[in-house]
Amino acid sequence: MTGIRKALAAVFVGLALTLSAAPAAQAAPAAQAAPAAQADKLKLTVAGDGAQGVTIQATYADGRRLEQVVRLVLTATGPDGQRVGPVQLEPQPEGQGFYSSGPVLSTGTWKVSVNSPAPLQSKATATVQAKAAQSPPAPKPVAVTEPADGGGADWWPFAAAGLVLIAAAMGVAMLFGRRRRTS
């Protein structure tokens, strides 16, 4: 009987704590709404990709990672007044909030602007040096030669000796195994 009373008391205490915490939980979103609106601004970091493209890292202004897809639009002005864009950027699999343009710029210095529309409205501008894409150098050929000491032909006597030892050990084990069964 005492166990049932303790269980009922625990249920009532838990229910009372839950009901008393509910008004505080309802007030918390209202108190957090103002900072959340402030934190929903974007920070866009624009950089060149080392070739003829642009990379963009989008995070919230407070440093949190971006967990949703945002529509980013790139425009660029280059040497001799060349213009590129508007180009809509797609998220890349390299990470959350990472966007890349691919090779859209020609060689030279470009002023790049990236815009994000509402509700996460933001704008970033950077100067990017576009370079012609480079391929890695071709590997140098390597000549394959045999060593002067016979090309490693000295290993087979050791392998043969190892096989003989294994066969002898198995024979001894089989011999003693048969003797035990017959006794």
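All figures in this text were calculated on a predicted structure; none of them were measured in a lab. (Residues numbered from 1 in each chain as written. Predicted model: local features only at pLDDT ≥ 70, side-chain atom pairs only at ≥ 80, totals over all residues. Heavy atoms only, no water.)

**Brief notes about the nonpolar core**
Link 1 in the chain: I56, V112 and V114 are the most contacted members of the largest nonpolar core, which has 24 residues in total.
Link 2 in the chain: For this core, the secondary structure elements donating two or more residues are strand 1 (42–48), strand 2 (54–60), strand 3 (72–77), strand 4 (83–91), strand 6 (108–116) and strand 7 (122–130).
Link 3 in the chain: Not counting residues up to four positions away in its chain, the partners in contact with I56 are L44, T45, V46, L72, L89, G97, F98, Y99 and V114. (Core = buried A, V, L, I, M, F, W, Y, C linked by side-chain atoms within 4.5 Å. Buried < 20%, exposed > 50% of the residue type's maximum accessible area, 1.4 Å probe, protein only. Helix = DSSP H or I, 4+ residues; strand = E, 2+ residues; numbered from the N terminus. Contact = heavy atoms within 4.5 Å.)

**A word on the environment of A118**
Link 1 in the chain: If you trace the backbone, A118 turns up in the loop between strand 6 and strand 7.
Link 2 in the chain: Taking relative accessible area as the criterion, A118 reaches 57% and is therefore assigned exposed.
Link 3 in the chain: Sequence separation between A118 and K41 is 77 residues, and the spatial gap between their C-alpha atoms is 9.8 Å.

**Some remarks on the sheet that holds strand 5 (residues 98–100)**
Link 1 in the chain: Ordered in space as 1-2-5-4-3-6-7, the seven strands form an open sheet in which the pairing is antiparallel. Two strands bound the open sheet, and with one partner strand each, they are strand 1 and strand 7. Across the sheet, the mean angle from the axis of one strand to that of its neighbour is 25 degrees, orientation sign disregarded.
Link 2 in the chain: Sheet topology note: the strand 6/strand 7 ladder contains nine bridges and is antiparallel. Residue W110 lies in a different strand from strand 7, and its bridge partner there is V128. (Pairing = 2+ DSSP bridges. Axes fitted to C-alpha atoms, helices over the stretch in contact; angles between N-to-C directions.)

**Points about a nonpolar patch on the surface**
Link 1 in the chain: A contiguous nonpolar surface patch, about 330 Å² in accessible area, is contributed by L163, I166 and M170.
Link 2 in the chain: Within the fold, M170 resides in helix 2 (residues 156–182). (Patch = residues over 30% accessible without salt bridge, like charges linked within 9 Å, V, L, I, M, F, W, Y side chains within 5 Å. Areas by Shrake-Rupley, 256 points an atom, 1.4 Å probe, with all protein chains shown as cover. Salt bridge = Lys/Arg side-chain N within 4 Å of Asp/Glu carboxyl O.)

**Digging into the confidence of the model for the protein chain**
Link 1 in the chain: Averaged over all residues, the pLDDT of the protein chain is 75; the fraction at 70 or higher stands at 70%.
Link 2 in the chain: For residues 27–39, every residue scores under 50 in pLDDT, and the model assigns this stretch four contacts once sequence neighbours within four places are set aside. (pLDDT = per-residue confidence, 0-100.)

**What about the side chain of T55?**
Link 1 in the chain: Within the secondary structure, T55 is located in strand 2.
Link 2 in the chain: Aside from chain neighbours lying at most four places away, what touches T55 is T45, V46, A47, G48, D49, F98, Y99 and S100.

**With respect to the side chain of S101**
Link 1 in the chain: You can see S101 is positioned in the loop between strand 5 and strand 6.
Link 2 in the chain: The class for S101 is buried, based on a relative accessible area of 15%.
Link 3 in the chain: A distance of 2.8 Å separates a polar atom in the side chain of S101 from the backbone nitrogen of V54.
Link 4 in the chain: Once residues within four sequence positions are removed from consideration, S101 is found in contact with G53, V54, L74 and L89. (Polar contact = N/O pair within 3.5 Å; in protein donor to acceptor, adjacent residues only side chain to side chain.)

**Concerning the pairing of strand 6**
For a regular strand, side chains alternate in direction, first toward one face of the sheet and then toward the other.
Link 1 in the chain: With five bridges joining them, strand 3 and strand 6 adopt antiparallel strand pairing. Bridged to A76 within strand 6 is V112.
Link 2 in the chain: Connecting strand 6 to the antiparallel partner strand 7 that follows it, the hairpin turn spans five residues.

**Structural notes on the pattern of salt bridges**
Link 1 in the chain: Counted under the stated rule, the structure contains one salt bridge.
Link 2 in the chain: With its nearest N and O atoms 3.0 Å apart, the salt bridge here joins D62 to R64.
Link 3 in the chain: Of the residues examined, D62 reaches a relative accessible area of 46% and is grouped as partly exposed.

**Describing the packing of aromatic side chains**
Link 1 in the chain: Applying the stated criterion across every chain yields a total of zero aromatic pairs.
Link 2 in the chain: The ring centre of Y60 lies 4.2 Å from the NZ or CZ of R64, which sits over that ring. (Phe/Tyr/Trp six-rings, centres within 6.5 Å; stacked < 30°, edge-to-face > 60°. Lys NZ or Arg CZ within 6 Å of the ring centre and 35° of its normal.)

**What about the environment of V104?**
Link 1 in the chain: Tracing the sequence through the fold places V104 in the loop between strand 5 and strand 6.
Link 2 in the chain: You can call V104 partly exposed: its relative accessible area is 27%.
Link 3 in the chain: Between the alpha carbons of V104 and V54 there is a distance of 8.2 Å; along the sequence they are 50 residues apart.
Link 4 in the chain: Not counting the four nearest positions on each side in its chain, V104 is found in contact with Q52 and V84.

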